[in-house]
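Structural description and commentary
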Amino acid sequence: MAEQHVVVTHQDGVTRIRLNRPEKKNAFTQAMYSACEQALIDAEQHQDISAVLFESTGDSFSSGNDLNDFLAIENLDESAPPFKFLQTLNKVNVPIVAKVNGLAIGIGTTLLLHCDLVYASDEAVFALPFVKLGLLPEAGSSLLLPRLCGHQQAAELLLLGDTFNAHKAQQLGLVNEVLSAEQLDARTEQVLTQLTTLSRQALRTSKQLLKAPQQSVAERISHEAGFFAKALSSAEAREAIAAKLQKK
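What you are looking at is a predicted structure, and each value in this text was computed from that prediction instead of being measured. Starting afresh in each chain, residues are numbered from 1 along the sequence in its written order. pLDDT decides what is reported in this predicted model: residues at 70 or higher carry local features, side-chain atom pairs at 80 or more are listed and counted, and totals for whole chains, interfaces and linings draw on all residues regardless. Side-chain figures throughout are based on the complete set of non-hydrogen atoms in the structure, without hydrogens or water.

1. Observations regarding the pattern of salt bridges
- Salt bridges, as used here, are contacts in which a Lys or Arg side-chain nitrogen is within 4 Å of a carboxyl oxygen on Asp or Glu. Throughout the structure, instances matching the rule amount to eight salt bridges.
- Close ionic contact of Lys25 with Asp59 constitutes a salt bridge, the shortest N to O distance being 3.2 Å. With a gap of 34 residues between them, Lys25 in the loop between β2 (14-19) and α2 (30-45) and Asp59 in the loop between β3 (51-56) and α3 (67-71) connect regions that are remote in the sequence.
- Among the ionic pairs, Lys99 bridges to Asp185, the shortest N-O distance being 2.9 Å. Here the residue Lys99 occupies a position in strand β4 (residues 96-100), and Asp185 occupies one in helix α9 (residues 181-196), the gap between them amounting to 86 residues.
- Residues participating in the shared-partner salt-bridge network are Glu55, Lys99 and Asp185. Secondary structure elements follow DSSP: runs of H or I no shorter than four residues count as helices, runs of E no shorter than two count as strands, and numbering proceeds from the N terminus.

2. Concerning a nonpolar patch on the surface
- A cluster of nonpolar residues, Phe228, Leu232, Ile241 and Leu245, forms a patch on the protein surface that exposes about 420 Å² of accessible area.
- Breaking the nonpolar patch down by element, the ones donating at least two residues are α11 (217-232) and α12 (235-247).
- Within the secondary structure, Leu232 sits in helix α11. In this scheme, patches are assembled from residues that exceed 30% relative accessible area and form no salt bridge. Like charges are connected within 9 Å, while nonpolar side chains (Val, Leu, Ile, Met, Phe, Trp, Tyr) are connected within 5 Å. Shrake-Rupley sampling with a 1.4 Å probe provides the accessible areas, and residues are treated as covered by the protein chains on show and by no other component.

3. Things to note about the packing of aromatic side chains
- Stacked, edge-to-face and tilted are the three classes for Phe, Tyr and Trp ring pairs, Trp counted by its six-membered ring, which pair at centre distances within 6.5 Å; planes under 30 degrees apart are stacked, over 60 edge-to-face, the rest tilted. Under the counting rule described, the total for this entry stands at five aromatic pairs.
- Taking the centre distance of 6.3 Å and the plane angle of 80° together, the rings of Phe54 and Phe85 count as edge-to-face. One end of the pair, Phe54, is in strand β3; the other, Phe85, is in helix α4 (residues 81-91), with 31 residues separating them in the sequence. The pair Phe54 / Phe85 is uniform in exposure class, with both members buried. We call a residue buried when its accessible area falls under 20% of the maximum for its residue type, exposed when it is over 50%, and partly exposed in between, using a 1.4 Å probe and counting protein chains only.

4. Some remarks on the environment of Ala155
- In this fold, Ala155 is placed in helix α7 (residues 151-160).
- In the structure, Ala155 is positioned 10 residues away from Leu145 in sequence and 8.8 Å away in space, judged by C-alpha atoms.

5. Some words on the packing of helix α6 (residues 141-149) against α7
- Note on geometry: axes are C-alpha line fits, over the in-contact stretch for helices, and angles between N-to-C directions span 0 to 180 degrees. The geometry of α6 relative to α7 is characterised by a closest axis approach of 7 Å and an angle of 135° between their N-to-C directions. Classified by the angle between their axes, α6 and α7 sit oblique to one another. In this structure, α6 meets α7 at a crossing whose hand is right-handed. Residues Ser141, Ser142, Leu145, Pro146 and Cys149 of α6 touch α7, and the partners they reach there are His151, Gln153, Ala154, Leu157 and Leu158. Here is the rule for angles: anything less than 35 degrees is roughly parallel, anything more than 145 is roughly antiparallel, 65 through 115 is roughly perpendicular, and the remaining ranges are oblique. A crossing counts as left-handed when the near helix is turned anticlockwise from the far one by less than a right angle, and as right-handed when that turn is clockwise. Here a residue-residue contact requires only that any non-hydrogen atoms of the pair lie within 4.5 Å.

6. With respect to the packing of α2 against α4
- The contact between α2 and α4 brings their axes to 8 Å, and the two run at 25°. Taken together, the axis directions place α2 and α4 in an arrangement best described as roughly parallel. By crossing handedness, the relation of α2 to α4 is classed as left-handed. Contact residues: α2 offers Gln30, Tyr33, Ser34, Cys36, Glu37, Leu40 and Ile41, while α4 offers Pro81, Pro82, Lys84, Phe85, Thr88 and Leu89.
- For this scheme, ten residues count as nonpolar: Ala, Val, Leu, Ile, Met, Phe, Trp, Tyr, Cys and Pro. Four count as charged, namely Asp, Glu, Lys and Arg, and the remainder, Gly too, count as polar. Partitioned by chemical class, the residues of the contact of α2 with α4 number eight nonpolar, three polar and two charged.

7. Considering the pairing of β4
- Where burial is concerned, most of β4 is hidden: five out of the five residues are buried.
- Of the two faces of β4, the one lined by Ile96, Ala98 and Val100 and the one lined by Val97 and Lys99 are each fully buried.
- Across three bridges, the pairing between β3 and β4 is parallel. When the sheet's bridge partners are listed, Leu53 is paired in β4 with Val97.
- Bridge analysis of β4 against strand β6 (residues 117-121) gives four bridges, and the strand direction is parallel. Note that in β6 the partner of Ala98 across the bridge is Val118. At least two bridges found by DSSP between two strands are what make those strands a pair.

Have a look at this one:
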C-alpha cells in the first residue's frame, strides 16, 4: 500500500518522491511517512543524488494527516512514523525541492519549512489548522515559523489556523516563487536540472552550513573556512575554476 501511495524514483541525479493518493487529496498515512523517510535516507546515502523533489498526483499537494489513520497509532511518541520522518527530513543534507499545487494543509505546509526551494501554483491553498483540531504545532513549526516571518505572523498562522494563498505564502518566506499551473512543472524541472549541474558535495555542505546552529559571525567565518579549504582541494572545484579561467 505504501508503495502505491508514495512513488519513488531515482533518475538523472534526482530522487522524486511523489505523493500518490489523489482520492484522499494525498493525506498522509503512517505507511506513507515511512516510505518517504526511507526515500530520504536512500537519497542521502547515494552521493550521485543532487536533489530530492516532493511532488504529488492529482489536484492537491497534501491535505494533511489522514485523521482516522493517525488516531489508530498505539504509541504516538518519537518512534512513530510521522516523527521519524520529520527527524530525517530535518537532518538530510541533500537539497530538497517542493512543487506545490492545490491544498497544502497541516503537514502539507510544515513539510515546506524543511525544504530548500519551494515552487507553488497560484492556485495553491495553505493552512496550519492544528489548534482548530485541538492539536498543537508539529515539525518544528513553532520554532521555524517565528524565525521565518516573525512572532506576530507566526502566531496568526498557528493560533487562528486560517487558510492563505500562495502569494501570502511567498510574502511569508514559505515559497520561493508563485507560478501558473501551466508554468509550475517547467520551472521546477529547470531548477532541478540546474542543481544537477553543480557540485553535489558543495551543494550538501552549503545546505549543512545554512542549517547549522546559530553562531557568532567570527565563529561562522572559522567554520566556513575549514569547509572552504577542503572544497578548494577537490577535483570538482579545480575543474570548475579552470573552466572559468579559460573563459576569461
